[in-house]
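# Descriptive analysis of the structure
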Amino acid sequence: MAGNEVTSLEHNHPLFLQATDAPGLVLVLIELTGSENYALWSGEMKLALMGKGKIGFVDGTCVKSSYRGELIAQWEKCDAIVLSWIGSTISSELMPSSLPQEFYSQGESKSSYDHSLFTKRDKTDIVIVLVYVDDLLISGSNNSLMHEAKETLHSNFKMKDLGELRYFLGIEVMRSNKGILHNQRKYALQLISEARLSACKPVSTPMEQNHKLTTVEYDKHVGNVDDAELQEAGSYQKLIGKLFDLTITRLDISFAVQVLSQFMQHPNESQMEAALRVIKYVKGSPSLGLLSK
């Protein structure tokens, strides 16, 4: 089997992972607290997993026995990430978690909101460790405390210090005397290319002003036959999922993406056009991001 089989997966392959598909990513804002909100939580989670192209790990259509060679390891990686997505929205009372034994003696604690996030405090200083599969992002307010955390991790795991952060989970990090800029330029350009909008003219706003989007049910009720329902809802769901990933650094599209996500189950042609308009807007400034001073 070719060594580049995993890296050459098409974006619609069930084992394909976006750069921002990190463990512990919160896909839905509803926390499962018990049987009283299970139906609502599970419905939202299924839609979110459809948008990520990972519903097969839940409904049993994407099974490990279907793959061979390097794809087995890729399946295990995807499966672990999907489980972490689900676990991150389950109340800690329903699914208590425990810390790795190595962290107890160092006074570290695990976030109850993100199961891949660890922190260590010493009086007024803090060190933060974010885990993504086999990568670690370490940051903090005290250099000596950060060095101590690195030494602790070195003593328990095989690690290599890659220096200052420049690229992590699809987010580019650039430093200057004005501050630290975080953007997703590479991810944005990839999204534009996948949508076949590289040659299109950018638009100035993510949504048209006073543009009214209606559900398929509403259109049927009022007799609107001009806006047909999409035959393949999966393409719309995946597109919205990718736009959600882009909102990490593009807060200017957050409202538009949130509105469009309300039509994930039965999208129509006008909603797909509105989603493509968001990409045309991003094309006007793919390097736009967040500046930390």
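Let me begin by describing the structure that accompanies this report. Numbering of residues starts from 1 in each chain and follows the order in which that chain's sequence is written. A pLDDT threshold of at least 70 governs which residues receive local features in this predicted model, and a stricter bar of 80 or more applies before side-chain atom pairs are shown or counted, although totals over entire chains, interfaces and linings include all residues. Only hydrogens and water are set aside when side-chain values are computed; all heavy atoms of the structure are taken into account.

### Some points on the overall build of the protein
Numbering of helices and strands runs from the N terminus, with a helix taken as a DSSP run of H or I at least four residues long and a strand as a DSSP run of E at least two residues long. Counting its secondary structure elements, the protein contains 10 helices and 8 strands. Throughout, exposure labels follow a simple rule: accessible area from a 1.4 Å probe, protein chains only, divided by the maximum for the residue type, with under 20% read as buried, over 50% as exposed, and the rest as partly exposed. A burial count over the protein gives 41% of its 293 residues as buried. Pairs at least 24 residues apart make up 64% of the contacts formed inside the protein by residues separated by at least 6 positions. Surface accessibility in these figures is a Shrake-Rupley result with a 1.4 Å probe; residues are shielded only by whichever protein chains are displayed. Of the accessible surface of the protein, which amounts to about 17100 Å², a share of 53% is contributed by carbon and sulfur atoms. Should any heavy atoms of two residues lie within 4.5 Å, those residues are counted as being in contact.

### Description of helix H8 (residues 233–246)
The end-to-end C-alpha separation of H8 is 20 Å, in line with the 20 Å expected for 14 residues at 1.5 Å each. Counting buried residues in H8 gives 11 out of 14 residues, a clear majority hidden from the surface. Those residues of H8 that fall on the buried side of the exposure criterion are Ala-233, Gly-234, Tyr-236, Gln-237, Leu-239, Ile-240, Gly-241, Lys-242, Leu-243, Asp-245 and Leu-246. Taken together, the buried residues of H8 touch helix H1 (38–52), helix H6 (185–194), helix H9 (254–260) and helix H10 (269–283). Identification of polar contacts relies on pairs of N or O atoms within 3.5 Å, with a donor-acceptor requirement for protein atoms, meaning one able to donate a hydrogen and the other able to accept it, and with residues adjacent in sequence counted only if both atoms are side-chain atoms. The N-terminus of H8 is capped by Glu-232, whose side-chain oxygen sits 2.9 Å from the backbone nitrogen of Gly-234. Helix span is expected to be 1.5 Å times the residue number reduced by one.

### Quick look at the pairing of strand S6 (residues 171–176)
In terms of strand pairing, strand S5 (residues 167–168) meets S6 through 2 bridges, oriented antiparallel. For Tyr-167, the partnering residue across the bridge sits in S6 and is Glu-172. In this analysis, strands are considered paired if DSSP registers two or more bridges between them. Once S5 ends, the chain turns through 2 residues before running back antiparallel as S6, passing Leu-169 with a positive phi of about 55°. When S6 meets strand S7 (residues 179–183), the two strands line up antiparallel, connected through 5 bridges. Residue Met-174 lies in a different strand from S7, and its bridge partner there is Leu-181.

### Topic: the packing of H8 against H10
As a packed pair, H8 and H10 sit with axes 11 Å apart at the nearest point and diverge in direction by 30°. For the element pair H8 and H10, the recorded crossing hand is left-handed. Two secondary-structure elements touch here, H8 through Ser-235, Tyr-236, Leu-239, Ile-240, Leu-243 and Leu-246 and H10 through Gln-271, Met-272, Ala-275, Leu-276, Val-278, Ile-279 and Val-282. Residue type decides the class: Asp, Glu, Lys and Arg count as charged, Ala, Val, Leu, Ile, Met, Phe, Trp, Tyr, Cys and Pro as nonpolar, and the leftover types, Gly among them, as polar. Taken together, the residues of the contact of H8 with H10 sort by class into 11 nonpolar, 2 polar and no charged. Helix axes use the C-alpha atoms of the stretch in contact, all axes being lines fitted to C-alpha atoms, and the angles between their N-to-C directions lie in the range 0 to 180 degrees. Left-handed describes a crossing in which the near helix is turned anticlockwise from the far one by less than a right angle; the clockwise case is right-handed.

### A word on the nonpolar core
Considering soluble globular proteins, one finds that nonpolar side chains tend to be buried as a cluster. Counting residues in hydrophobic clusters, the biggest one holds 29 residues, and the most contacted among them are Tyr-236, Ile-240, Leu-243 and Leu-260. Among the elements of the structure, H6, H8, H9 and H10 are those that each provide at least two residues to this core. No other element matches H10, which puts 7 residues into this core. Among all residues touching Tyr-236, those that are not within four sequence positions of it are Leu-230, Leu-260, Phe-263, Met-264, Pro-267, Gln-271, Met-272 and Ala-275. In these notes, a set of buried Ala, Val, Leu, Ile, Met, Phe, Trp, Tyr and Cys residues joined through side-chain atoms within 4.5 Å is what counts as a nonpolar core. With 21 residues, the next largest nonpolar core counts Leu-17, Val-28, Leu-49 and Cys-78 among its residues.

### Focus: the pattern of salt bridges
Should a side-chain nitrogen of Lys or Arg be within 4 Å of a carboxyl oxygen of Asp or Glu, the pair is scored as a salt bridge. Taken as a whole, this structure holds 8 salt bridges when the rule is applied. The closest approach of N and O atoms between Arg-250 and Asp-252, which form a salt bridge, is 3.0 Å. Residue Asp-252 is classed as partly exposed on the basis of its relative accessible area, which comes to 29%. Look at the salt bridges and you will find they share partners, linking Asp-21, Lys-52 and Asp-245 into a network.

None of the figures reported here should be taken as evidence of function without further support.
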